[in-house]
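# Descriptive analysis of the structure
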Amino acid sequence: GVALRVTGLYLALVTIAFGLFAQESLFNIRFLTGGGAGQAAPRPSMFSGDLAYAYFCIGVLALIIVFDYRRLASRPGRAIQALRDDERVAASWGMNVTGHKLLAFVISGTIAGIGGALFASIEQIVSKEDFGLSLSISFLLMTVVGGAGHRWGVVQGGVLFAVLPTIIDRLHENF
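Residues numbered from 1 in each chain as written. Predicted model: local features only at pLDDT ≥ 70, side-chain atom pairs only at ≥ 80, totals over all residues. Heavy atoms only, no water.

## Some remarks on the environment of Glu-129
With respect to the helices and strands, Glu-129 occurs in the loop between strand S2 (125-126) and helix H7 (133-146). Residues Glu-129 and Phe-27, 102 residues apart in the sequence, show an inter-C-alpha distance of 9.5 Å. (Helix = DSSP H or I, 4+ residues; strand = E, 2+ residues; numbered from the N terminus.)

Below, the structure is given as structure tokens:
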């Protein structure tokens, strides 16, 4: 309800607040997540090696990018873009604003869930310590650094934040 009425920075804050709520409540349900001990998240057996799993993750990313570009070319995708540009103008065109916002939340939630599952399989265990505020802020920074309106920019921001700690560690070792 509330998330459908807020936009921009406030939407990001509501999303982060929901993530913190989920971390403190859902991750403590012992039968679902194992409580504080966490829950095992094994990789698929054919992608047990790190390099094979990296290629698998890159393949999933490619599929999601193709899906996203195809979605943008569709009528609902253009409607979601119109909502992003100006919600009042989109409503004046007779668009179902609430329905298209819900569609956008469902699509983004599904993609985020896939990303979370892939991340959990990297760690091979899911615990609330892995999904804290610092991870949410890192994702927000990846988006801002890469450019929130540019799909490839977000990917490049993610790659930069994934590779940057390794580069800094190597530079630190050499000097």
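## Digging into a nonpolar patch on the surface
A cluster of nonpolar side chains, contributed by Val-145, Val-159, Leu-160, Val-163, Leu-164, Ile-167, Ile-168, Leu-171 and Phe-175, occupies part of the molecular surface with about 840 Å² of accessible area. Tallying contributions element by element places helix H8 (residues 151-174) first for the nonpolar patch, with 7 residues. With respect to the helices and strands, the residue Val-145 is situated in helix H7. In this structure Val-145 comes out as partly exposed when scored by relative accessible area, which is 48%. (Patch = residues over 30% accessible without salt bridge, like charges linked within 9 Å, V, L, I, M, F, W, Y side chains within 5 Å. Areas by Shrake-Rupley, 256 points an atom, 1.4 Å probe, with all protein chains shown as cover. Salt bridge = Lys/Arg side-chain N within 4 Å of Asp/Glu carboxyl O. Buried < 20%, exposed > 50% of the residue type's maximum accessible area, 1.4 Å probe, protein only.)

## Let's talk about H7
The terminal C-alpha atoms of H7 lie 20 Å apart, and with 14 residues this matches the ideal 20 Å at 1.5 Å per residue to within 8%. With its phi angle positive at about 110°, Gly-147 sits one or two positions after the end of H7. (Expected span 1.5 Å × (residues − 1).)

## Remarks on the pattern of salt bridges
The tally for this structure, following the rule as stated, stands at 2 salt bridges. Put simply, Asp-50 and Arg-43 hold a salt bridge, and the shortest N to O gap is 2.9 Å. By relative accessible area, which is 15% here, Arg-43 ends up buried. With a closest N to O distance of 2.6 Å, Arg-71 and Asp-68 form a salt bridge.

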